Protein chains: 2
Amino acid sequence: MTRTGDARRGAIVDRAVHMASAEGLDSLTLGRLAEALRTSKSGIQTLFGTKQELQLAIVAAASEVFKQEVSLPAEQQPAGLARLRTLMSSWIDYLEIFEGGCFFVAAASELDGRSGPVRDAVEDAVARAEALLQRDIELAVRLRELPSDTDVEQLVFELHAMLLQANHDRQLLGRTDALTRARNAVNRRLDVKPQPGDGAQQ
Amino acid sequence: MTRTGDARRGAIVDRAVHMASAEGLDSLTLGRLAEALRTSKSGIQTLFGTKQELQLAIVAAASEVFKQEVSLPAEQQPAGLARLRTLMSSWIDYLEIFEGGCFFVAAASELDGRSGPVRDAVEDAVARAEALLQRDIELAVRLRELPSDTDVEQLVFELHAMLLQANHDRQLLGRTDALTRARNAVNRRLDVKPQPGDGAQQ
């Protein structure tokens, strides 16, 4: 049975996401990808056209992994603190999926000084992930599971920071306790009880 | 007056650090650097020999900037919480020095999937910076300005996380309030009063 073009594209992109997480999205050449996949460079070129098209397919594939591994498990939880905790916990787990750690952290750092559609796609994916975090914090506040005076954007900032640090310590410094440290920090940060009657004035 | 080789090397490296913070240490070619400096590629090659030697010189120059802008201002403060606060505050300021944000965050993310002397130099510089943070936290605990049961490594993790997040939000998402958010998080995290008599048992 011959694999269809779509299936072949999928298989190439799957490998490419891992390589890009470790080596960088821009450093990944069609030649090196062909070598890793034991296929021809021209075969990859036929399927993707340009390097930019391949890069956009890689960003889309990484977004799909994030959705499956992080967003969907959270959506299955009841709205509020339970969903927020699952979102953070799955997000921390997901840091171990790609060979080179979080694909988006690597891509963000690599591309943030540039412009163009690939950078825009990475920025968009990161902004959407942070928006999930913001929505779940807002719901937890509305459900009075977090204090009514919670600075939502500040909390998004502090929770997302733990993911960046865990990825950094694990990838650069080889610290095996990095993910546990992130879990501890998140648990402590979310262990904020609303005051009795909190929110009653609003 | 002819500039000496050392002065010329210094001028080239100064420009190269900025470019590497934005474009990546590995993406920076001798050709592009020569173009930016309006000099010849062979002239740069004569001064540095290999691309690796240039990269190591860039890491050393960035370390020197960190020392001047972050470590030294902190050393001038009395040991303990005052020094720790200055270290964090100068470190947050320093995120604005290079064109592409923190040179080390960019280099760490770019090189963490590789091996070799340049990666080792970056890892070493980051580990030394985190060691400063650890030392100042330990001093603050010993001076009873932080609780005696402070988990020092956890606090290093959480404080450094704010720097990564500030850099990330500023560079990728263009958030102008990122540095203020980091300052708020650091202030809140360090606003932990020791219990009365805390440490008396030790």
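Residues numbered from 1 in each chain as written. Chains lettered and ligands numbered in written order. Predicted model: local features only at pLDDT ≥ 70, side-chain atom pairs only at ≥ 80, totals over all residues. Heavy atoms only, no water.

On to the UniProt feature "domain: HTH tetR-type" (unreviewed entry) in chain A. Per the UniProt record, "domain: HTH tetR-type" (unreviewed entry) is annotated on residues 12–57 of chain A. For residues 12–57 of chain A, the helix share is 74%, the strand share is 0%, and the end-to-end C-alpha distance is 10 Å. (UniProt positions renumbered as here; feature names shortened; annotations may be inferred. Helix = DSSP H or I, 4+ residues; strand = E, 2+ residues; numbered from the N terminus.)

In this section: the nonpolar core. Membership of the largest hydrophobic core comes to 136 residues, with the highest contact counts inside it found for Phe103 and Ile137 of chain A together with Phe103 and Ile137 of chain B. Setting aside its immediate chain neighbours within four residues, Phe103 of chain B contacts Val17, Ala20, Ser21, Leu25, Ile58, Val59, Ala62, Tyr94 and Phe98 of chain B. (Core = buried A, V, L, I, M, F, W, Y, C linked by side-chain atoms within 4.5 Å. Buried < 20%, exposed > 50% of the residue type's maximum accessible area, 1.4 Å probe, protein only. Contact = heavy atoms within 4.5 Å.)

What follows deals with the UniProt feature "domain: Tetracyclin repressor-like C-terminal" (unreviewed entry) in chain A. Here, UniProt's "domain: Tetracyclin repressor-like C-terminal" (unreviewed entry) annotation points to residues 80–186 of chain A. Secondary structure across residues 80–186 of chain A comprises 73% helix and 0% strand; the distance between its end C-alpha atoms is 15 Å.

Below, the discussion takes up the relation of the copies chain A and chain B. At an RMSD of 0.0 Å, chain A and chain B line up after a rotation of 180 degrees and a shift of 0.0 Å along the axis. When the rotation and shift are considered jointly, the pair of chain copies conforms to a two-fold rotation axis. Across chain A, the smallest distance between a C-alpha and the rotation axis is recorded for Ala161 of chain A, namely 2.5 Å. Most of the interface of chain A is mirrored in chain B, where 98% of its interface residues again form contacts. (Least-squares fit on C-alpha atoms with pLDDT ≥ 70 in both.)

Counted according to the given criterion, the structure contains 10 aromatic pairs over all chains. Residues Phe98 of chain A and Phe103 of chain A carry aromatic rings whose centres are separated by 6.5 Å and whose planes lie at 70 degrees to one another, so their mutual orientation is edge-to-face. As far as the burial class goes, Phe98 of chain A and Phe103 of chain A line up, both buried. Between Tyr94 of chain B and Phe98 of chain B, the aromatic rings sit 6.0 Å apart at their centres with planes inclined by 80 degrees, giving edge-to-face as the arrangement. Across the pair, Phe98 of chain B and Tyr94 of chain B agree in class, each one buried. Every member of this aromatic cluster is reached through a ring pair, and the members are Phe66, Trp91, Tyr94, Phe98, Phe103 and Phe104 of chain A. (Phe/Tyr/Trp six-rings, centres within 6.5 Å; stacked < 30°, edge-to-face > 60°.)

A few words now on the interface of chain A and chain B. Taken together, the 42 residues of chain A in the interface contact 41 residues of chain B. Both faces considered, chain A and chain B share a buried interface measuring about 3,500 Å² in area, 52% of it formed by carbon and sulfur atoms. Three residues, Phe157, Leu172 and Arg181 of chain A, lead the burial of chain A against chain B; their summed loss comes to 22% of the area buried on that side. Viewed at the interface, chain B and chain A are joined by eight salt bridges. In this structure, Glu158 of chain B engages Arg188 of chain A in a salt bridge whose closest nitrogen and oxygen atoms are separated by 2.8 Å. The tally of links between chain A and chain B comes to 20 residue pairs in polar contact (both at pLDDT 80 or more). Secondary-structure elements contributing two or more residues to the side of chain A that touches chain B are α1 (5–23), α6 (103–111), α7 (117–142), α8 (152–171) and α9 (178–190) of chain A. The greatest single-element share of the side of chain A that touches chain B, amounting to 13 residues, is contributed by α8 of chain A. The class makeup of the residues in the side of chain A that touches chain B is 17 nonpolar, nine polar and 16 charged. (Buried area = accessible area lost by both parts, 1.4 Å probe. Salt bridge = Lys/Arg side-chain N within 4 Å of Asp/Glu carboxyl O. Polar contact = N/O pair within 3.5 Å; in protein donor to acceptor, adjacent residues only side chain to side chain. Nonpolar A, V, L, I, M, F, W, Y, C, P; charged D, E, K, R; others polar.)

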